[in-house]
Amino acid sequence: MSDDDAPVPEPGDSPRRRDTWIAVLSMAVGAGMILWVLTRPVGYASFGWFAYAPLSDTMFVPGSSRLVVMQVLFGLGTLLVGLGGGFLLGRRRG
């Protein structure tokens with residue numbers, strides 16, 4: 001088998017271009033997640049009530065689990081933007 005029999009890659013098939021698009025896509029998804037989280041209300045009741053049980057010293061604030069989910073989504077979005085940007089910067093200098 002000679003070198004002439006090797007398949008010629010298509011111009012748009014380069015792994016470098018594919019990796020760049022994946023990094024850009026991850027940054028776009030991460031930025032979208034961050035913007036989505038920032039435009040949502042925090043999750044507390046909009047009319048301002050809370051429940052308090054004086055004998056047990058416990059308090060219930062509605063929507064507190066939603067706050068945790070929003071923080072996790074914000075963190076994942078930030079991570080995606082950072083990883084994608086770092087990958088692109090590393091590819092440019094390499």
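Everything quoted here is computed from the prediction, not taken from an experiment.

K.L.:
I'd like a description of the overall build of the chain, backed by residues and values.
P.N.:
From N to C terminus, the chain includes two helices and two strands. The order of α-helices and β-strands along the chain, N terminus first, is α-β-β-α. Counting all 94 residues of the chain, 13% fall into the buried class. Partitioning the intrachain contacts of the chain with sequence separation of at least 6 by distance along the chain shows that 73% fall at a separation of at least 24. Within the structure as shown, the chain displays about 7600 Å² of accessible surface, and the carbon and sulfur contribution to it stands at 68%.

K.L.:
Would you mind going over the environment of Gly82 in detail, with residue names and values included?
P.N.:
Considering the arrangement of structural elements, one finds Gly82 in helix H2 (residues 64–93). Using a relative accessible area of 45% as the deciding quantity, one classes Gly82 as partly exposed. With 52 residues separating them in the primary sequence, Gly82 and Gly30 have C-alpha atoms 8.7 Å apart.

K.L.:
Lay out the pattern of salt bridges with the relevant residues and their values.
P.N.:
What the rule picks out here adds up to one salt bridge. Where Arg18 meets Asp19, a salt bridge forms, and the shortest distance between an N and an O atom there is 3.6 Å.

K.L.:
Let's hear about the environment of Leu25: which residues, and what values?
P.N.:
Along the chain, the position of Leu25 falls in helix H1 (residues 15–39). A relative accessible area of 55% means that Leu25 is categorised as exposed.

K.L.:
Can you lay out the side chain of Ser26 for me, pointing to particular residues and giving the numbers?
P.N.:
Topologically, Ser26 is positioned in helix H1. Given a relative accessible area of 18%, Ser26 falls into the buried group. Within the structure, Ser26 has its side chain in polar contact with the backbone oxygen of Ala23 (distance 2.8 Å). If we ignore the near neighbours within four places in the chain, the residues touching Ser26 are Leu80 and Gly84.

K.L.:
Describe a nonpolar patch on the surface, listing the residues and the values that go with them.
P.N.:
A contiguous nonpolar surface patch, about 460 Å² in accessible area, is contributed by Val68, Val72, Leu76, Leu79 and Leu83. Relative to the helices and strands, Val68 resides in helix H2. For Val68, a relative accessible area of 48% puts it in the partly exposed group.

So, how was this worked out
- Every chain begins its residue count from 1, and numbering advances along the sequence as written.
- Residue-level local features of this predicted model are given only where pLDDT is at least 70; pairs of side-chain atoms are given and counted only at 80 or more, and the full residue set underlies all totals for whole chains, interfaces and linings.
- With hydrogens and water set aside, each side-chain value is computed from the structure's full complement of heavy atoms.
- Segments assigned H or I by DSSP are reported as helices when at least four residues long, segments assigned E as strands when at least two residues long, and all are numbered from the N terminus.
- Using a 1.4 Å probe on the protein chains alone, a residue whose accessible area is under 20% of its type maximum counts as buried, one over 50% counts as exposed, and one in between counts as partly exposed.
- Residues count as neighbours in contact if any of their non-hydrogen atoms are within 4.5 Å of one another.
- What sets the accessible areas is the Shrake-Rupley method with a 1.4 Å probe; for residues, cover comes only from the shown protein chains.
- What counts as a salt bridge is simple: a side-chain nitrogen of Lys or Arg found within 4 Å of a carboxyl oxygen of Asp or Glu.
- Counted as a polar contact is a pair of N or O atoms within 3.5 Å, where, for protein atoms, one must be capable of donating a hydrogen and the other of accepting one, and residues adjacent in sequence contribute only when both atoms are in side chains.
- Like-charged residues are merged into a patch within 9 Å and nonpolar side chains (Val, Leu, Ile, Met, Phe, Trp, Tyr) within 5 Å, provided each residue has over 30% relative accessible area and no salt bridge.

Read these as spatial facts, not as claims about activity.
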